[in-house]
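Overview (structure and organization)
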Amino acid sequence: MKIDFDEINERIAKCQKILDADPSSQIFAALADAYRKKGELEKALQIGLKGIEDHPDYGSAYMVVAKTYLDMGNYGEAERYLHKAVEVGGRTRSADLLEAEILMKQEQFGRAKTLLERLHNSDPKSETIKNLLTKAMLQSNTGIEPPKPISSAAVSPEHPPRKTYDLSHTIGIIKILPRVLGVVAVTREGMVVEGQFDGLLPRDELGALASGAFNSVEQAISKLHFGAGHEILIEADQSKLWMFNRGRLIIVISTRDDVNLGSLKLKLNEIFSHAEF
Amino acid sequence: MLTVKAEKKDNKFQAALDYLVEYRGVREAAILDRDGLLVGYCGAGFSGAEAFAPLSLLMLHNIDAVLERLGENKAGSVVVKTVDSWLTIQAAANLILVVRASSEADDLLRVRIGRAADMIRLHVQEKYPLQVD
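Below you will find a few notes about this structure. (Residues numbered from 1 in each chain as written. Chains lettered and ligands numbered in written order. Predicted model: local features only at pLDDT ≥ 70, side-chain atom pairs only at ≥ 80, totals over all residues.)

This next bit is on the overall build of chain A. What chain A contains, in helices and strands, is 12 helices and five strands. Taking all 277 residues of chain A together, the buried fraction comes to 38%. For chain A, the share of sequence-separated contacts (at least 6 apart) that also reach a separation of at least 24 residues comes to 47%. (Helix = DSSP H or I, 4+ residues; strand = E, 2+ residues; numbered from the N terminus. Buried ≥ 20, exposed ≤ 12 C-beta atoms within 10 Å, placed from the backbone. Contact = placed C-beta atoms within 7 Å.)

Turning to the packing of helix α2 (residues 12–21) of chain B against helix α4 (residues 109–127) of chain B, a few remarks are in order. Residue and element names in this part refer to chain B. With their axes 9 Å apart at the nearest point, α2 and α4 run at an angle of 180° to one another. With respect to α4, the axis of α2 lies roughly antiparallel. Mapping the contact onto sequence places Lys-12, Phe-13, Ala-15, Ala-16, Tyr-19 and Leu-20 in α2 and Arg-112, Ile-113, Ala-116, Met-119, Ile-120 and His-123 in α4. For the contact of α2 with α4, the class distribution of residues is nine nonpolar, one polar and two charged. (Axes fitted to C-alpha atoms, helices over the stretch in contact; angles between N-to-C directions. Parallel < 35°, antiparallel > 145°, perpendicular 65-115°, else oblique. Nonpolar A, V, L, I, M, F, W, Y, C, P; charged D, E, K, R; others polar.)

Turning to the pairing of strand β1 (residues 26–33) of chain B, a few remarks are in order. All names here are of chain B. β1 sits mainly inside the fold: six of its eight residues count as buried. Where β1 and strand β5 (residues 95–102) come together, seven bridges link them in antiparallel fashion. The residue bridging Val-26 from the neighbouring strand is Ala-101, located in β5. Taking the residues that link successive antiparallel strands as the turn, the β1-strand β2 (residues 38–43) hairpin has four residues, and the phi of Gly-36 there is positive, at about 90°. (Pairing = 2+ DSSP bridges.)

Looking now at the nonpolar core. In this structure, Ala-210 and Val-252 of chain A together with Val-78 and Leu-97 of chain B are the most contacted members of the largest nonpolar core, which totals 78 residues. In this structure, Ile-52, Tyr-75, Tyr-81 and Ile-129 of chain A belong to the second largest nonpolar core, which totals 38 residues. (Core = buried A, V, L, I, M, F, W, Y, C linked by C-beta atoms within 7 Å.)

Before going further, it helps to spend a moment on the interface of chain A and chain B. Counting from both sides, the interface comprises 26 residues of chain A and, opposite them, 27 residues of chain B. At the level of secondary structure, the elements contributing two or more residues to the side of chain A that touches chain B comprise α11 (203–223) and β3 (229–235) of chain A. Here the element with the most residues in the side of chain A that touches chain B is α11 of chain A; it accounts for eight residues.

Quick look at the environment of Ala-29 of chain A now. Residues and elements named next belong to chain A. Inspection of the secondary structure puts Ala-29 in helix α2 (residues 28–38). Taking C-alpha positions, Ala-29 is 9.7 Å from Gly-59, a pair spaced 30 residues apart along the chain. Among all residues touching Ala-29, those that are not within four sequence positions of it are Gly-48, Gly-51, Tyr-58, Ser-60, Ala-61 and Val-64.

It is worth spelling out helix α10 (residues 167–175) of chain A at this point. Residue and element names in this part refer to chain A. Burial of α10 is extensive: eight of the nine residues sit out of reach of the surface. If you check which residues of α10 are buried, you get Leu-167, Ser-168, His-169, Thr-170, Ile-171, Ile-173, Ile-174 and Lys-175. Elements that come into contact with the buried residues of α10 comprise β1 (180–187), β2 (192–197), β5 (249–256) and α12 (261–274).

This next bit is on unusual backbone geometry. In this structure, Glu-107 of chain A is a non-glycine residue whose phi angle is positive, near 60°. Residue position: Glu-107 of chain A is located in the loop between α6 (93–105) and α7 (109–122). Notably, Ala-93 of chain B is not glycine yet its phi reads approximately 55°, a positive angle. Tracing the backbone through its elements, the reader meets Ala-93 of chain B in the loop between β4 (85–92) and β5. C-beta crowding within 10 Å serves as the criterion here: with 18 such atoms nearby, Ala-93 of chain B is assigned to the partly exposed category.

Another point: the pairing of strand β3 (residues 77–82) of chain B. Residues and elements named next belong to chain B. Of all six residues making up β3, six are buried, and the element is well covered by its neighbours. Where burial is concerned, the two faces of β3 agree: the one with Ser-77, Val-79 and Lys-81 and the one with Val-78, Val-80 and Thr-82 are both buried. Sheet topology places β3 next to β4; five bridges connect them, and they run antiparallel. Bridge pairing in β4 links Ser-77 to Gln-90. Following β3, the chain reverses through two residues before pairing antiparallel with β4.

Next up, the structure:
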């Protein structure tokens, strides 16, 4: 999921122009979705909900609002608007995929897995579905807690929900940082869960190699009684490889050799502070 | 007293290690050859150079193998951070500099490690010019 802010801003400008010329246009849904992708969730929600008042039979608008609530961490509302989208527009593959994403967030990995398996069988080439299915399979095998109820504080306007990034969003943001060549999330076993990588090497191979390096370093430092590895930075002639221990996952970041490590570190700390995966 | 000082100054490897260990948070520093043999050591860490040297070399070999598959040259440096420790393995000519620090050390330690590696490189170049690439 590459975020190109210039492209998004251009899209916002175009949609806004159309909406200004024709306030009854259904373009509001595309405008709300562009704001959502840009991270301006309140604005996206405001445009989406207002548009639904004028176009209560427009299924895509409910989908955009559901996605916005999902990004805000309000999974109950996301589910409610998804159901409305299905009522109005019928069940589609996008609706199934969104439902799977919501279920994953609600930690209902078994149900998400069933849905994703069905989607994967009908479209085995989709990387998004494949990555989500891998995550659901991994999580459903580990016996995670049942879903937590959404607290009223999370939806109260006085207490706006904390901005959080899921794995896909986190990787998308890191990838667009200056001089970052690629970002891959791998399991300890070397299986790539999610990633964007510009290198010539297949990302699966990068994942396997990086997790191998990380595990071998961890084994060595455990013999020195250093504790678990938190991060590993490898500097070579043409590139740098930075690996971060994030529990079950290792986040591998490949950069050009002339990257400003101090600046990158500050940005990564900020991004990781919002990451929830 | 003067003789001891003069001897210490002449040992450039030891000078590089002393320069590192005097920095806040640095617990120990060592210079190894490419076979893992200890060329110089300074510090009073609990891990001891005996364990610290071969394991650092093993880490470096494993990482070099990964970099080779990625089409890269050997690692110039490897930094491993744990919750309370910080291990740096830095190539310096045909030798390896290993530094262990606590979390008290800050990122400026990287600059000092770079300078110490330059001191080692210069010394190797002056003393063993035919062995340096």
